[in-house]
Amino acid sequence: MADRSRAAVDVVAEDGAGGSAAAPGGDGDGRTTPGSRHQQSTRSDEAAAVTSGETQEIDAVEDTAQDAVRETAPEASEGSPDEDGASAAETPSTPKPASKPVSESASDSDEPAAEASDPEALATVPSAGVTSTADTPGPEASASATTTAVTAAPAATADAPVAPLLPAPVRHSGDKVAGRYRLEECISQAGVFTSWRAVDEKLRRAVGIHLLAAGHERSRAVLAAARSAALLGDPRFVQVLDAVTDGDLVYIIREWLPDATDLATLLTAGPMEPYDAYQMVRQVTDAVAAAHRRGQSHLRLTPKCVLRTDSGQFRITGIAVDAALHGLNDDNAERDDTKAIGALLYAALCHRWPYPEDKYDLQGMPRQIGCVPPDQVRAGVHRGLSEIAVQALCDEPPRHLDPLTTPEDLAKAIALMPKVRQPEPEPVTAVYPPPVYPKPAGPVRSAFQSPAPVPVPSPMASVVPPQAPPVRRSRGGRAVRWSAAVLLLAALGLGSWGLADHLRRQDDGGSDVGRNSAEVNNGSGPRQQTPARPLAIKGGAEFSPLSEPIEAQKVPLAYDGSASTAWVTAQYKGQPNFGNRPQRAQGSGIVVDLGSVKSISEVKATMYVAGQQVDVRAASEGASDPQRLADFPTVLRDSATTGSQLNVELKSPVRTRYVLIHITELPAEQPGGGTYRGGISEIQVLG
């Protein structure tokens, strides 16, 4: 019974101390130290054990404990209040508790908390517990235990270590990463990461590398972003090749494009032509819209991230990874990416950065003028592109235009505007330099030149011997040349007569050589024709003139050199002509780009499935970016049902840059119809 009384005294004394054993969260934040939790458990257990017959004795002991608390309370309340307003005792034996746990301080800012860097603040503080009453009986021992519980308030420490903000790893040219990638040139250096051009010594190719400290708090987010970007698989984005943690280093390996130039460098020469700006915004918007449909966003789309290759294709680097490296979130990803595309188009049209600050070697716009269309900043700007730029960039566009808030809306608006045609190239006039004739080594004497005067010798001069007369050239050499020419003509005439007589005799004998006379070569057999060679395909696009493409991201699978991969249409029901849908009235297919005008003599294709209705067409020699059926006037093969292999051999070569494999009807997936599907596995153009 005495033990129960002492435990009850501890409980009552702790309640009278005003909860000073709580964790230093301040203002009743609900957190308790391990010691206080033990006290609460003891309080509930011991209070339940007290019987009704012991109530008077416990009340007497409670009065004694409360008097002891009143005497020790002023000592416990001395010291300065912390930032939450709670006071804590500052004695050598009891360190002052931190106002916030280390984990909370680290999460509130990007810099480490002061407590995390102070060894004394991280020292272990003993937890306040219930002082055992077994060795010290009596109310005095209980009051002493209560005083210890009041004054020894522990400091809360974080359960898990905090990831600090480590600086960028220091590396030099010539260093190797993972024993494979040799660093060549530092492209950029930020506070927490560096970007390098390197050489993969195993595959002997150039790559790009981002280096980040493995202990940095952004390292996990960067690795996750890199792995998700690698799964995107869209050739319009620069591909992420690897993402690995190696010791104290995190490195992201990406594709390197040696023939590409970023948009910021292109704009140093001045604004872009309307056709080039249209191609840039169309390709970038389609790529970003496709990425958003798959749950990806860029969030840091700048002129440095848009690259143009030598073939004119625009590619985007840094999808998801750049935002993770800079610690950006995706709360409003669609609007942010749409504004970024509008800023790129604005800069390309008028050579000005649409924001007040000067960036990317471009002068910023004055803050007070607001959102001004590019055609009011610079004369000669395409009006349709100018309105697209302000619709994407401004929340309240001028001219009563509706804002475009998502990449999907921006892509639809660009598709509905009239196509910007490529300007006709200026005719090139050949300028030939004047002929340069070699000068003779000695003086040349003309036949019409008067003879040189003979000098008159002076009386004192020695006698000059007479000069020999000039030797005349014989006419025999000219006669020999004429004779040889006559003999050659006679031989050609006799040979032609003999060949004609031989052919005439064969025709009289009923032979069939006349039809193959074009293959006769001086009677020695058929003439050997030069075999056609495959032409390199620089790019491709899905033919979809009336609506959005079906599977635009899978078009490169139709010319990747492997028949096991294919571009496949969606499944259509009801009718073989793409379900008789109006937006597929002109069918579908793939347009391959040879990069420049080439002479083609043969087109081969491996079809995804047999039974498709296919025709093959070629664009005119001067066409650029053909998208409609009328842009392919030359029919290389009429529409017909095709098996698994398509082979079109031309009687005479055709010069073109774009070839269309046009599908108008699809075969049934199952006997009896119902559902229809088609596709193309591999395309090859020979010339």
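A short tour of the structure in this document, coming up. (Residues numbered from 1 in each chain as written. Predicted model: local features only at pLDDT ≥ 70, side-chain atom pairs only at ≥ 80, totals over all residues. Heavy atoms only, no water.)

## Regarding the sheet that holds strand 1 (residues 176-177)
Move 1: Taken together, six strands build an open sheet; the order of strands is 1-2-3-4-6-5 and the sheet is antiparallel. The two strands at the open ends of the sheet, each matched to only one other strand, are strand 1 and strand 5 (240-246).
Move 2: Its contacts with the sheet put helix 7 (residues 219-230) on strand 4 (205-213), strand 5 and strand 6 (249-255), and the angle it makes with strand 5 is roughly 155°. (Pairing = 2+ DSSP bridges. Helix = DSSP H or I, 4+ residues; strand = E, 2+ residues; numbered from the N terminus. Contact = heavy atoms within 4.5 Å. Axes fitted to C-alpha atoms, helices over the stretch in contact; angles between N-to-C directions.)

## Looking at the environment of T285
Move 1: Within the fold, T285 resides in helix 9 (residues 274-293).
Move 2: Distance from T285 to I341, taken between C-alpha atoms, is 7.1 Å for residues 56 residues apart in sequence.
Move 3: Once residues within four sequence positions are removed from consideration, T285 is found in contact with I341, P407, L410, A411 and I414.
Move 4: There is a polar contact of 2.6 Å between the side chain of T285 and the backbone oxygen of V281. (Polar contact = N/O pair within 3.5 Å; in protein donor to acceptor, adjacent residues only side chain to side chain.)

## Structural notes on the pattern of salt bridges
Move 1: This model, assessed by the stated rule, comprises 22 salt bridges.
Move 2: Across the pair E387 and R383 runs a salt bridge whose closest N-O atoms are separated by 3.3 Å. In this pair, E387 and R383 are both assigned in helix 13 (residues 383-393), four residues apart and thus about one turn of the helix distant.
Move 3: Residues joined in a network through salt bridges with shared partners are K176, R182, E184 and E201. (Salt bridge = Lys/Arg side-chain N within 4 Å of Asp/Glu carboxyl O.)

## Describing helix 11 (residues 333-350)
Move 1: Spanning 18 residues, helix 11 covers 26 Å between terminal C-alpha atoms, matching the ideal 26 Å at 1.5 Å per step.
Move 2: The positive-phi residue at the C-terminal boundary of helix 11 is H351, with phi of around 60°. (Expected span 1.5 Å × (residues − 1).)

## Quick look at the packing of aromatic side chains
Move 1: One pass over the full model with this rule turns up five aromatic pairs.
Move 2: An angle of 70° between the planes, with centres 5.1 Å apart, marks the rings of W353 and Y360 as edge-to-face.
Move 3: Counting every residue linked through ring pairs, the aromatic cluster contains W353, Y355 and Y360. (Phe/Tyr/Trp six-rings, centres within 6.5 Å; stacked < 30°, edge-to-face > 60°.)

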